[in-house]
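This is what each chain is made of:
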Amino acid sequence: MLSVGLLGAGRIGRVHAQAITAHPDSTLSAVSDAVADAASQLAGEYSAQVRSSHEIIADPAIDAVLIATPTDTHSDLIEAATQAGKAVLCEKPVDLDLQRAMACQANVADHQKPIMIGFNRRFDPNFSAMKAASDAGEIGKTELLSITSFDPAPPPVSYIKVSGGLFRDMMIHDFDMANYLMGGLPVAISAVGSAVVDPEIGQAGDVDTAVATLTYSDGRIAVIKNSRRAAYGYDQRVEMLGSEGLLQAQNVLENTVIKSTADGVVGAKPTYFFLERYMTAYKAEWAAFVDAITAGQAVPVTLEDGVAALAMAEAATQSAGSGRPVQLSDILKPVAK
Ligand SMILES: NC(=O)c1ccc[n+]([C@@H]2O[C@H](COP(=O)([O-])OP(=O)(O)OC[C@H]3O[C@@H](n4cnc5c(N)ncnc54)[C@H](O)[C@@H]3O)[C@@H](O)[C@H]2O)c1
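All chains use their own residue numbering, which begins from 1 and follows the written sequence. Totals for whole chains, interfaces and linings use all residues, but because this is a predicted model, local features are given only for residues with pLDDT of at least 70 and pairs of side-chain atoms are given and counted only at 80 or more.

1. Notes on the environment of Ala-295
Here a helix means four or more residues in a row that DSSP labels H or I, a strand means two or more in a row labelled E, and each is numbered from the N terminus. Structurally, Ala-295 is set in helix α12 (residues 279-295). Every C-beta atom is placed from the backbone, and the number of other C-beta atoms within 10 Å of a residue's own sets its class: buried at 20 or more, exposed at 12 or fewer, partly exposed in between. Look at Ala-295 and you get exposed, because 8 C-beta atoms sit within 10 Å. Separated by 121 residues in sequence, Ala-295 and Asp-174 have C-alpha atoms that sit 29 Å apart.

2. A word on the packing of helix α6 (residues 125-135) against helix α9 (residues 171-182)
Helix-helix packing is characterised by the crossing angle of the two axes and by the distance between the axes. At a closest axis distance of 9 Å, the pairing of α6 and α9 adopts a crossing angle of 30 degrees. On α9, the residues touching Phe-127, Met-130, Lys-131 and Ser-134 of α6 are Met-177, Tyr-180 and Leu-181. Polar here means any residue other than Ala, Val, Leu, Ile, Met, Phe, Trp, Tyr, Cys and Pro, which are nonpolar, and Asp, Glu, Lys and Arg, which are charged; Gly is therefore polar. Grouping the amino acids of the contact of α6 with α9 by side-chain chemistry returns five nonpolar, one polar and one charged. Lines are fitted to the C-alpha atoms to define the axes, a helix being fitted only along its stretch in contact, and any angle between axes, read from their N-to-C directions, falls within 0 to 180 degrees. In this description, any two residues whose backbone-derived C-beta atoms lie within 7 Å of each other are considered to be in contact.

3. Observations concerning the sheet that holds strand β6 (residues 115-118)
A strand pair is defined by DSSP finding two or more bridges across the two strands. Pairing is parallel in the open sheet, where six strands are placed in the order β3-β2-β1-β4-β5-β6. The open sheet has two free edges, formed respectively by β3 (49-50) and β6, since each of these has just one partner strand. Examined bridge by bridge, strand β5 (residues 87-91) and β6 share four bridges and lie parallel to one another. Directly across from Glu-91, in β6, lies its bridge partner Gly-118.

4. Digging into the nonpolar core
Note on definitions: a nonpolar core is a set of buried residues drawn from Ala, Val, Leu, Ile, Met, Phe, Trp, Tyr and Cys, linked by C-beta atoms within 7 Å. Ranked by size, the top nonpolar core spans 90 residues in total, and within it Leu-6, Val-65, Leu-66, Val-88, Met-171, Ala-178 and Ala-316 carry the most contacts. At eleven residues, the largest contribution of residues to this core is made by helix α13 (residues 303-322). The contact partners of Leu-66, leaving out residues within four places of it in the chain, are Val-4, Leu-6, Leu-7, His-16, Ile-20 and Leu-89.

5. Some details on helix α5 (residues 98-108)
When α5 is considered as a whole, its buried residues turn out to be Leu-98, Ala-101, Met-102, Cys-104 and Gln-105. Each buried residue of α5 sits inside an arc of 155 degrees when the element is viewed along its axis, so together they form one side. Opposite the buried face of α5, at more than 90 degrees from it, the exposed residues are Gln-99 and Ala-106. The directions from the helix axis to the C-beta atoms form the arc being described.

6. Considering the environment of Ser-227
Tracing the backbone through its elements, the reader meets Ser-227 in strand β10 (residues 221-227). Classification of Ser-227 by C-beta neighbours within 10 Å gives buried; the count is 21. Taking the C-alpha atoms as reference, Ser-227 lies 18 Å from Gly-321; in sequence the two are 94 residues apart. Look past the residues within four positions of Ser-227 in its chain and what remains in contact with it is Phe-150, Val-197, Asp-208 and Thr-209.

7. Observations concerning the packing of α5 against α13
Where α5 meets α13, the axes come as close as 10 Å, and the angle between the chain directions of the two elements is 165 degrees. Judged by the angle between their axes, α5 and α13 are roughly antiparallel. The way α5 lies across α13 gives a crossing that is left-handed. Between α5 and α13, the contacting residues are Leu-98, Ala-101, Met-102, Gln-105 and Val-108 on the first element and Leu-303, Glu-304, Val-307, Leu-310, Ala-311 and Glu-314 on the second. Under this scheme an angle from 65 to 115 degrees is roughly perpendicular, one under 35 degrees roughly parallel, and one over 145 degrees roughly antiparallel; angles in between are oblique. For a crossing to be left-handed, the near helix must be turned anticlockwise from the far one by less than a right angle; the clockwise case is right-handed.

8. Describing the domain arrangement of the protein chain
Domain boundaries in the protein chain define domain 1 (2-119 + 290-298) and domain 2 (122-279 + 309-330). Spacing between the C-alpha centres of domain 1 and domain 2 amounts to 27 Å. Considering only residue class, the side of domain 1 that touches domain 2 consists of seven nonpolar, one polar and two charged. Marked domain ranges trace back to an automatic or database domain assignment.

9. As for the pairing of strand β14 (residues 264-267)
Two strands pair when backbone bridges link them, and strand β13 (residues 258-261) and β14 are joined in this way by four bridges, in the antiparallel orientation. Counted as the bridge partner of Ser-260 is Val-265 from β14. Two successive antiparallel strands, β13 and β14, enclose a turn made up of two residues.

10. Here's the deal with the sheet that holds strand β9 (residues 209-215)
Overall, mixed pairing links the seven strands, which are arranged β12-β11-β7-β10-β9-β8-β15 in an open sheet. Because the sheet does not close on itself, it has two edges, and the strands there are β12 (245-249) and β15 (326-327). Across five bridges, strand β11 (residues 235-242) lies against β12 in antiparallel orientation. The residue of β12 that forms the bridge with Glu-239 is Gln-248. Sheet strands in contact with α9 are β7 (142-150), β9, β10 and β11, and its direction is about 155 degrees off that of β7. Contacting β8 (188-194), β9 and β15, α13 runs over the sheet at an angle of about 60 degrees to β8.

Next up, the structure:
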């Protein structure tokens, strides 16, 4: 039985608490939060202890730590937990700052403990089926990937201000999805962004609508479209065109009923947002982490994957600012320890 300490009892911390306690081979031993009431409430729901992040990391009886705190704390907590010998599952992104994330990677390089980054969409059954079909060559050679990722509504501007910007906070999921499905990194990224949904987002220095184009050394192309607003719900679709066919992962709908009448044909909306759409994926992500730890095998999403996606977000941010493509090799340079 894996004894787990959860750091951060906010939106995503609550989701992970559910996954940890639902798994037959893990138990939620302790919860920490900067706000004592948040920790107490969540710990109370699952009969876990309330402790500080420091106490959880220092406790030799805790095997694994799940980091669900704000992004600017991730690198520090990854380093502290790995140094204390814990296995780590840390939410995306690794950090707001690429240099800090790369320094974290260098600082933990000598530790043998597993570190997994929470790119939950890899564990969505639709996207993993698409990956399996494309890897098996079912559509021949992949040539063009197209990812649509629209949120139902923008977050408060107070969140936008500390989020690191759309490319680091939101499109980072899609950069990782491209890496997962294409089986490697692009060589260059071009991006454009605009604040057409909410001018206040623009005044806060961010964009709410963006497109990135990824080009690969073998000529393949990926296009990612993001918006912070889709009036009909959470739009999460992926399409892969290959030399011998097309793979499409459609939205997951609230129900499967289609009404056809003289007025037209209508169906249900997509499920509202990430908590509804990806609960299966969060549970599968946790199961994959537990399986890897138990079997002593490599985790399926590494710190290196997390740093790569952050470097792509950095490249897209720079490209959107300059209007020029950015070579990933100019961004993703190894740092000395
Ligand atoms: N994978 C996903 O789908 C997904 C979804 C949402 C958020 N996230 C990521 O998860 C992280 C948290 O996001 P959220 O939406 O849950 O934020 P949140 O603000 O709802 O929760 C964060 C919690 O951490 C607490 N906290 C702050 N500093 C702490 C510390 N040092 N130790 C312990 N607790 C601390 C806060 O009080 C808060 O309760 C972010 O990095 C975000 O990018 C990932």
